[in-house]
Protein chains: 2
Amino acid sequence: MSKKIYTFDSTLRDGMQGEGIAFSVEDKLKIVRALDALGIDFIEAGNPASNPKDLEFFRRLQSETQRHAKLCAFGSTRRKNILPEEDSNVKSLMEAGTPAVSIFGKCWDLHVLKVINTTPEENLAMIESTLAYMKRNGKYVVFDAEHFFDGYKANPGYAMEALEAAAAGGADVLCLCDTNGGTYPTDIYEITGQVVKGFPDVQVGIHCHNDTGMAVAQTMFAVDAGAAQVQGTFIGYGERCGNANLSTIIPDLELKRGYDVLGEENLKRLTETARRIADISNIWLPSGAPYVGSSAFAHKGGMHIDGVKKIRESFEHVDPQKVGNSRRFLMSEVSGKATLIKKIQKVEPSVTVKDPVVAELVGKLKQLEFEGYQFEAAEQSFELVIRRLLGKHKKYFELEYFKIIGEQPLQEQEYPSSAIIKVQVDGQSRITGAEGDGPVHALDLALRGALKGFYPALETMRLADYKVRVLESSATTAAKVRVLIESTDGKHTWNTVGVSTDIIEASFLALTDSIEYKLTLDESN
Amino acid sequence: MSKKIYTFDSTLRDGMQGEGIAFSVEDKLKIVRALDALGIDFIEAGNPASNPKDLEFFRRLQSETQRHAKLCAFGSTRRKNILPEEDSNVKSLMEAGTPAVSIFGKCWDLHVLKVINTTPEENLAMIESTLAYMKRNGKYVVFDAEHFFDGYKANPGYAMEALEAAAAGGADVLCLCDTNGGTYPTDIYEITGQVVKGFPDVQVGIHCHNDTGMAVAQTMFAVDAGAAQVQGTFIGYGERCGNANLSTIIPDLELKRGYDVLGEENLKRLTETARRIADISNIWLPSGAPYVGSSAFAHKGGMHIDGVKKIRESFEHVDPQKVGNSRRFLMSEVSGKATLIKKIQKVEPSVTVKDPVVAELVGKLKQLEFEGYQFEAAEQSFELVIRRLLGKHKKYFELEYFKIIGEQPLQEQEYPSSAIIKVQVDGQSRITGAEGDGPVHALDLALRGALKGFYPALETMRLADYKVRVLESSATTAAKVRVLIESTDGKHTWNTVGVSTDIIEASFLALTDSIEYKLTLDESN
């Protein structure tokens, strides 16, 4: 029976301290639901005292019930020389109406004297009386021991006295905070061990920041030393370099150390949850995010790919399915034939390694990549390259011409750019015009407008992402650009690429591939 | 006298395995220069055998000399059952002409049998003979012990035999690779310690990947166990979740553990180097990157800011200046002003903090950043913002209009795009036309063509760099783009920015700023 480790997510509180992070009340409700559905134990939803919007949010929350998670409101100990019930922060903490509260208090005597300007004794009284008041009111109480590690190094006696005051106040959890994020993992291990030994009857928690790039390791080491609650934010959002990243820590605890955290079934929803929270936050999930990133199990090097196919363990530290992610093989000039074969056989199963078409394709690929093409993020354009080479490609339309007109300042029309396009399908021509926000936008609308008449299926298709990368950028405004387009029809998603010195042509090429792929897809289904 | 730790950067080799990472030969040369200028000890520049583009790059490199860094080419041991001199990979490694080489070999018997399909004995012979050949040819040889940690756990005896073969071959460094990225830091510490004990006369290196979010900690622990060479990529680029991030590890080693790495002076250029490399890679440096990110020392919470102002250590784990970064207060207008004052006084020395224009500028800046402007890489555009606000800006020309015409396929003209522009200077109008490779290129030529008549000094001006970044890219072809332009007149270099949903307008804005700055510059000199 492995030890249970409790998860405490602060995305909506400490995560909000991150630069560029801002959530609407609706966003916050969605995030609470996502975290609860995953099986997170505690959700720290905000600081009602410092933020009136949070108070409204807590009111909204009271009309929802969580499947599993305990909601938590965050606040500080009472101000000096008053009773808890007289303190406005404490009052709004109560108003939040959450079953749990987290109260932070000072553990570094330097701060007591220089920042909140009171006596060491009064600070201890502030901690004990505030927690006791919360317990009297039936709350589950987490004590956030601010600057605990730095405080302990400066004055271990006083840091421990602060925890004793919290325990005397009835704290359910003593959470040790590495507020500055600079404590070395072995020091975290050592000091956490002392606390666990000193407080056998109270659960110990850990709260780390990533200022040395080691927040995950710091957290893991605290657990190894006996901590049973891990605080963090789900994708590592947070002030400065962010908080410990729960989407990394959870699988590390469960798959690397065998602790009981979410359990096998919930863990399979880790990736979808991380991507959902990134979407809600409107922040791009780094493709390299451990376990949950789109590249976390992507293989590019030819030799690696060859290896992975021979024995899975040879290049993967865990099975991607355990965290709901999947393995990907990326195309690139350093990929081996082994990968190409796999891709070719998707189109024509009869092709073998010795088939001359394989060498031909390798050559074609090298030439295209030399021209600035890159297929690792445009697998469907690559499939079209293969289809054309195998004579398995149907041209769905011919471009007769397009013209772009751009104008500044705007005359009558609403948009600065317009496009006229003439296409031919089975000898039948159609001209369409469109205006747009820039020439590419106008051309996109005109092209799809012209083709919808011939291919109604295109109605369901839309662009999901559009990226421009300037190659050899020192060639300045005549430089080559690579355009990457992601498209979707609701059921599938595909990626295509175009390269040219003219951004309009590059976009047109990627757009054409996208449309042709969609039509190929429909035929093969 | 603290222990020297050697840095080995693989941004241009293992970093290239990262999804979305692609460097032109020019990019690579710039990165080599940036790393060398910082004082990196070894620069692994590529894999000449697997990539013809790398071989061309190595030829280019031979005409440059490094201030400090040793260049290194990467490759594998010879194939089975042949002599090193008969092996094509070994040949291209020699052709690269670098003073150092890194040779990877198998240390996990499972791989020997299942992946390269040879006998354990032949694999050992492959390692020893390949290294011996390199040593005979005067190379500094790093042995990359692939899968060392997984191999050691499976069969410690064979893993150590592989290192013995490398040592017998004359390896200068035995670099232990956690190829799958899944080894727990304490295991890294334990196993590295065994190797250091077993090979007292050979330097030991460490190469980690971030699959568990602990690559930095794994590397630190290996050094604590006696490793003296740290391999990584400068901003953590790399396959899957990336390689150990040198821009984090270097300050951790130097500031947290007191090792001798770059030295105090070089360390101060860490941040600028990281930002430069991110820029060359056209990949945004995460704002939360430890030590070097723009948020790494940014304080948002009111209480935190109050604390930092009372005692620095209270909320910073190191002094930002030691790594060339700086403290930022995101919510404090006052401090925001303090940082702007310097820039304002450059234009108008008489302005003081209390001057209302300062608050006005803070507001303007917030609004522009909200619109997607970003002045870190466009200081001269920011100076123009200040000049306009202070009424110290002269408008050198008025745009009457421009029109862009783009056409595919090409009719008579050589280029797909042409532009007509009409500008007015001191009531005098001029119309010019130009054709170009894409609409931006055409517009650039037309605008400068029209103005040269009025301002001959523009003859000496040319664009040195042009970058496009799509903001909110999920808005697809109507997404906002940020255009960054670097211009030079041979004597000075300046950077300007433009933002719009229309790439042509964004480019026009950046171009206009660039021209106006050049003319301002000439007047003030």
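Conventions and cut-offs
Residues numbered from 1 in each chain as written. Chains lettered and ligands numbered in written order. Predicted model: local features only at pLDDT ≥ 70, side-chain atom pairs only at ≥ 80, totals over all residues. Heavy atoms only, no water. Domains from an automatic or database assignment. Salt bridge = Lys/Arg side-chain N within 4 Å of Asp/Glu carboxyl O. Helix = DSSP H or I, 4+ residues; strand = E, 2+ residues; numbered from the N terminus. Buried < 20%, exposed > 50% of the residue type's maximum accessible area, 1.4 Å probe, protein only. Contact = heavy atoms within 4.5 Å. Pairing = 2+ DSSP bridges. Axes fitted to C-alpha atoms, helices over the stretch in contact; angles between N-to-C directions.

## Observations regarding the domain arrangement of chain A
Parsing chain A into structural domains produces domain 1 (6-262), domain 2 (348-396 + 462-525) and domain 3 (402-454). The C-alpha centroid of domain 3 of chain A is placed 56 Å from the C-alpha centroid of domain 1 of chain A.

## Description of the pattern of salt bridges
Residue and element names in this part refer to chain A. This model, assessed by the stated rule, comprises 60 salt bridges over all chains. A salt bridge links glutamate 64 to arginine 33; the shortest N-O distance between them is 2.5 Å. Pair noted here: glutamate 64 is in the loop between α2 (52-61) and β3 (70-76) and arginine 33 is in helix α1 (residues 25-38), with a separation of 31 residues, a long-range link. Among the residues examined, glutamate 64 registers a relative accessible area of 22% and is labelled partly exposed. Since its relative accessible area comes to 39%, arginine 33 is described here as partly exposed.

## Thoughts on helix α9 (residues 215-224) of chain B
Of all 10 residues that make up α9(B), nine are buried, and the element is covered over most of its length. For α9(B), the complete set of buried residues consists of B:Ala215, B:Val216, B:Ala217, B:Gln218, B:Thr219, B:Met220, B:Phe221, B:Ala222 and B:Val223. On its buried side, α9(B) packs onto α8 (185-198) and α9 (215-224) of chain A together with α8 (185-198), β7 (203-207), β8 (229-232) and α10 (246-256) of chain B.

## Things to note about the sheet that holds strand β16 (residues 493-500) of chain B
Strands in a sheet are paired, the pairing made by backbone hydrogen bonds, and the direction either parallel or antiparallel. All names here are of chain B. Ordered by their spatial adjacency, three strands build an open sheet running β14-β15-β16, and the pairing between neighbours is antiparallel. Where the open sheet ends on each side, the last strands, each with one partner, are β14 (462-470) and β16. On average, adjacent strands in this sheet sit at an angle of 15° to one another, irrespective of strand direction. Relative to β16, strand β15 (residues 481-488) runs antiparallel, the two being bridged by eight bridges.

## Notes on the sheet that holds β3(A)
All names here are of chain A. Reading around the barrel, the eight strands line up as β1-β2-β3-β4-β5-β6-β7-β8 and close back on themselves, with parallel pairing between neighbours. Between one strand axis and the next, the sheet turns through 25° on average, direction left out of account. Note that strand β7 (residues 203-207) and strand β8 (residues 229-232) share three bridges and pair parallel. In the strand pairing of β8, histidine 207 is matched with glutamine 231. Its contacts with the sheet place α8 against β6 (173-177) and β7, and it is angled at close to 155° to β7.

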